[in-house]
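Fold and contact review
The lines below spell out each chain.
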Amino acid sequence: MMTGVKRKRSTVWTKIQAVRLEDIKAWCMRRLPILTWVPVYNWKENLVPDTVSGMMLAIQQVTQGLAFAVLSSVHPVFGLYGSFFPVIIYAIFGMGRHVATGTFALTSLISANAVERLVPSVRTNFTANNNSGILGLSEFEMQRIGVAAAVSFLGGIIQVAMFMLQLGSATFLLTEPVISAMTTGAATHVVTSQVKYLLGMKMPYISGPLAFFHIYAYVFENIRSVQLEALLLSLLSIVVLVLVKELNEKFHRNIKVVLPIDLLLIIATSIACYYADMEYVYGIEVVGNIPKGLPSPKAPSMSVLPEVVTEAFGVALVGYVASLALAQGSAKKFKYTVDDNQEFLAHGLSNVIASFFFCIPSAAAMGRTALLYSTGAKTQVACLISCVLILVVIYTIGPLLYWLPMCVLASIIVVGLKGMLMQFRDLKKYWNVDKIDWSIWVSTYVFTICFAANVGLLYGVVCTIAIVIFRFPRAKTLNLKNMKEVEYKYKVEDNCESLKQVKIVSVNSPLVFLNARKFHADLLKIIQKDGMSSQCEQNTLLCSFSNGSCHGELGQPCHSERHVLILDCSGLNFFDYTGVSVLLQIYVDCKNRHIDVLLAHCKGSLIKAMQYGGNLDSENPVFFESISSAIDAIRIHRNYSKFSEQSEL
């Protein structure tokens, strides 16, 4: 027994000694991405656009921080902290160069459920230590932020645990229709939660199943209690915000700096509210006192954690899903890679560490990320510069926001969610590509509206898996007749000189979200491997693709003519939106590599879906009835090209 223990300890010690300095350095570079991009940061080219983007981002961070703190049912000052600490942490651990993390509407709404349940306005059945001395705020406000910080802490712990379990690889289950429907439904919930501020109504907090409908029922029952002054100010704010933002978007190419309408609106309405004494004359609710400075760190209350498990899971999943979608979108747009597991770690630490500084749950927001796109940000330096400016606001400008009307903050929230709400337009493309994806979108949205974002997300994932399991066994895997035709044709072909750079890949399985990513990666590996050698071999070898895997070798091409890749889609029996997106992405990637992509044996539904994508901007035909017709087209085109060259000579 003792000998076995000693042997085990000796083995562990040997492994520890075997770790080299290079291994430690590689681990640090992998887990601290800031060490990768800071040493190669181009100060001359990137500092100016990052500074401009950081200034614009700071304005949006401040306004959204105040607004989303109110949405989370805590004092607005905690939104400023939530726009500062998580941003710094994500810049160190995150891989999204254009991802603007901070306060987020969906996670704020989820944490508000815990805050209102444990610390209701009447403050019953809840005990906590007297923290009234901190920041000069009341004990009631400190109890509320204590619950929100506990949700952030536990949500971050869950995300870090998912990182340790390497669950980032399971994100392929989160298809685009499910994410789109969930975020749209959650955005609808957020808008509904702001109705009381937009109308100036005194309304009890309503939560639980079907709360969406109960809120509007309460509004219609108490329609006479609407405050006309608040309603008019809300409408005016929304009109101004929408109009100016549309003009900014339309003319952003002509003007280097967009008009910070959020900031200007806050300043204008605060001044008007102060001089018109709207708080007392008209009864308009204002933000109130905002303390100066940063708080001292304090651990969240551990006794509250068992009470907020449900909300913590919602924050962990919804926040990560929304953030990862933005990170992957920016990586695709600007051609870099994002590690799904590393994003779990980055957002987890952003929530855990920030919770010690009274921060509400954080995540990346679509509006802020889009702002970084439009203002030309290059790296996370833009986010760090925004943190410096937010610090100035916290120490100097914060108290001047006392007179900011709450209805104006609500208007900023509603207009800020425009991007998410506009995802209703996705219904048209899902209907044209795959009606099952359309059904999943609609049903996931309904579940999110009726229950909550995390329930809608879970339903969407389960529904998608169930549908794929139902469809997969009914799909063909191989068209033997076409395969034999191809093999026979290439065995008897004598004059194959013009086909030395033609490669054929046979897709022999459905192409859906389960295998689309691997299919894309395997095909790119084949293309990269094929382009590494200059040896000229026999024209075409068949690569059989089944259930997301490629088998076989491809011959090396000659580099005297343009390469051609033929995808035999005879075995592609069904597909979804993700599969079509991957095919279109492959077409674009190959085009960038000067490789022509032709598709043979395509069903009419696949042709229609790909043409609807709008990325097939080719002068020559892309779809063919058979591989033979595709090869004939290649011969005709190349013979014509040679004839044209000879004519010119």
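The structure presented is a predicted model; accordingly, all values stated were derived computationally and were not measured.

1. A short note on the overall build of the protein
- A tally of helices and strands in the protein yields 28 helices and eight strands.
- Taking contacts inside the protein between residues at least 6 apart in sequence as the whole, the part at least 24 apart equals 84%.

2. Notes on the pairing of strand S7 (residues 595–600)
- Counting buried positions along S7 gives five out of six residues, so the element sits mostly inside the fold.
- Relative to S7, strand S6 (residues 563–568) is paired through six bridges, and the arrangement is parallel. For His563, the partnering residue across the bridge sits in S7 and is Ile595.
- Crossover S6 to S7 through helix H26 (residues 577–592) is right-handed.

3. Description of unusual backbone geometry
- Backbone geometry places Gln166, a non-glycine residue, at a positive phi of 55°.
- In this structure, Gln166 sits in the loop between helix H8 (139–164) and helix H9 (176–193).
- Take Gln166: its relative accessible area is 39%, and that puts it in the partly exposed class.
- A positive phi is found at Phe358, a non-glycine position, where the angle reads about 60°.
- With respect to the helices and strands, Phe358 occurs in the loop between helix H16 (340–355) and strand S2 (362–364).
- The class for Phe358 is buried, based on a relative accessible area of 8%.

4. Describing the pattern of salt bridges
- Scanning the model with the defined rule gives seven salt bridges in all.
- For the salt bridge of Lys429 with Glu176, the shortest nitrogen-to-oxygen distance reads 3.3 Å. A residue pair is termed long-range when its members are at least 10 positions apart, and Lys429 in helix H21 (residues 426–433) and Glu176 in helix H9 qualify at 253 residues.
- Of the charged contacts, one joins Lys245 and Asp262 as a salt bridge, the two residues approaching to 3.4 Å between their closest N and O atoms. Here Asp262 lies in helix H13 (residues 261–275) and Lys245 lies in helix H12 (residues 228–250), a separation of 17 residues in the sequence.
- You can call Lys245 partly exposed: its relative accessible area is 27%.

5. What about the side chain of Asp262?
- Judged by relative accessible area, which is 6%, Asp262 ranks as buried.
- A distance of 3.4 Å separates the side chain of Asp262 from the side chain of Lys245, its partner in a polar contact.
- Beyond its immediate sequence surroundings of up to four residues, Asp262 is in contact with Gln60, Thr63, Leu241, Lys245 and Ile412.

6. Considering helix H22 (residues 435–450)
- A rise of 1.5 Å per residue sets the reference length of H22, with its 16 residues, at 22 Å; its end C-alpha atoms lie 23 Å apart and thus fit the reference within 8%.
- Turning to H22, its buried residues are Asp437, Ile440, Trp441, Ser443, Thr444, Tyr445, Thr448, Ile449 and Cys450.
- Looking at the packing, one finds that the buried side of H22 touches H9, helix H11 (211–221), H21, helix H23 (453–471) and H26.

7. Points about the state of the cysteines
- Here the structure, examined in full by the defined rule, presents zero disulfides.
- With no disulfide of its own, Cys602 lies 3.9 Å from the sulfur of Cys569, the closest cysteine sulfur.

8. Describing the pairing of strand S3 (residues 502–507)
- With respect to burial, S3 is a largely interior element, six of its six residues being buried.
- Where S3 and S6 come together, five bridges link them in parallel fashion. By the bridge assignment for S6, Ser506 is matched with Asp568.

9. Points about the packing of H26 against helix H27 (residues 604–613)
- The geometry of H26 relative to H27 is characterised by a closest axis approach of 10 Å and an angle of 65° between their N-to-C directions. For the element pair H26 and H27, the recorded crossing hand is right-handed. Counted together, Val580, Leu583 and Leu584 of H26 and Leu606, Ala609, Met610 and Gly613 of H27 form the full contact between these two elements.
- Of the residues that constitute the contact of H26 with H27, the class distribution is six nonpolar, one polar and no charged.

10. Some points on the nonpolar core
- Phe78 and Val308 are the most contacted members of the largest nonpolar core, which has 127 residues in total.
- Of all the elements, H8 adds the most residues to this core, at 13 residues.
- If sequence neighbours within four positions are ignored, Val308 has contacts with Ala114, Arg117, Leu118, Val147, Ala150, Val151 and Leu154.

11. A short note on the packing of aromatic side chains
- Counted according to the given criterion, the structure contains 20 aromatic pairs.
- With centroids separated by 5.0 Å and ring planes inclined at 80°, the aromatic side chains of Tyr274 and Tyr275 adopt a geometry described as edge-to-face.
- For Tyr274, a relative accessible area of 45% puts it in the partly exposed group.
- Cluster of aromatic residues (ring-pair linked, three or more members): Tyr274, Tyr275, Tyr402 and Trp403.
- Sitting over the ring of Phe334, Lys333 keeps its end group 5.9 Å from the ring centre.
- A cation over a ring is seen here: Lys435 above Trp431, with NZ or CZ 4.8 Å from the ring centre.

12. Examining the confidence of the model for the protein
- Confidence in the prediction of the protein, expressed as mean pLDDT, is 82, and 83% of residues score 70 or more.
- When pLDDT is averaged over each helix and strand of the protein, the minimum, 42, is found for helix H24 (residues 480–492) and the maximum, 95, for helix H6 (residues 85–93).
- Confidence drops under a pLDDT of 50 for residues 123–131, and excluding neighbours within four residues, the segment shows 12 contacts in the predicted structure.

13. Brief notes about a nonpolar patch on the surface
- Together, Leu259, Leu263, Leu264, Ile267, Ile271, Tyr274 and Tyr275 make up a nonpolar patch on the protein surface, roughly 690 Å² of accessible area in all.
- By secondary structure assignment, the location of Ile271 is in helix H13.

14. Observations regarding the environment of Ala316
- Mapped onto the elements, Ala316 comes out in helix H15 (residues 309–334).
- When its relative accessible area of 0% is taken as the criterion, Ala316 is described as buried.
- Sequence-distant contacts of Ala316, defined by excluding residues within four places in its chain, comprise Gly155, Ile158 and Gln159.

15. As for the environment of Glu141
- The topology assignment puts Glu141 in helix H8.
- Sequence-distant contacts of Glu141, that is, excluding residues within four places in its chain, are made with Val74, His75 and Phe78.

16. Some details on the side chain of Ser108
- Within the fold, Ser108 resides in helix H7 (residues 105–118).
- A relative accessible area of 0% means that Ser108 is categorised as buried.
- In terms of polar contacts, Ser108 uses its side chain to reach the backbone carbonyl oxygen of Phe68, at 3.4 Å.
- With residues up to four places along the chain from it excluded, the contact list for Ser108 reads Phe68, Leu71, Ser72 and Ile360.

Scoring rules and cut-offs
Residues numbered from 1 in each chain as written. Predicted model: local features only at pLDDT ≥ 70, side-chain atom pairs only at ≥ 80, totals over all residues. Heavy atoms only, no water. Helix = DSSP H or I, 4+ residues; strand = E, 2+ residues; numbered from the N terminus. Contact = heavy atoms within 4.5 Å. Buried < 20%, exposed > 50% of the residue type's maximum accessible area, 1.4 Å probe, protein only. Pairing = 2+ DSSP bridges. Right-handed = clockwise from strand over helix to strand, strands pointing away. Salt bridge = Lys/Arg side-chain N within 4 Å of Asp/Glu carboxyl O. Polar contact = N/O pair within 3.5 Å; in protein donor to acceptor, adjacent residues only side chain to side chain. Expected span 1.5 Å × (residues − 1). Disulfide = S-S within 2.5 Å. Axes fitted to C-alpha atoms, helices over the stretch in contact; angles between N-to-C directions. Left-handed = near helix turned anticlockwise from the far one by under 90°. Nonpolar A, V, L, I, M, F, W, Y, C, P; charged D, E, K, R; others polar. Core = buried A, V, L, I, M, F, W, Y, C linked by side-chain atoms within 4.5 Å. Phe/Tyr/Trp six-rings, centres within 6.5 Å; stacked < 30°, edge-to-face > 60°. Lys NZ or Arg CZ within 6 Å of the ring centre and 35° of its normal. pLDDT = per-residue confidence, 0-100. Patch = residues over 30% accessible without salt bridge, like charges linked within 9 Å, V, L, I, M, F, W, Y side chains within 5 Å. Areas by Shrake-Rupley, 256 points an atom, 1.4 Å probe, with all protein chains shown as cover.

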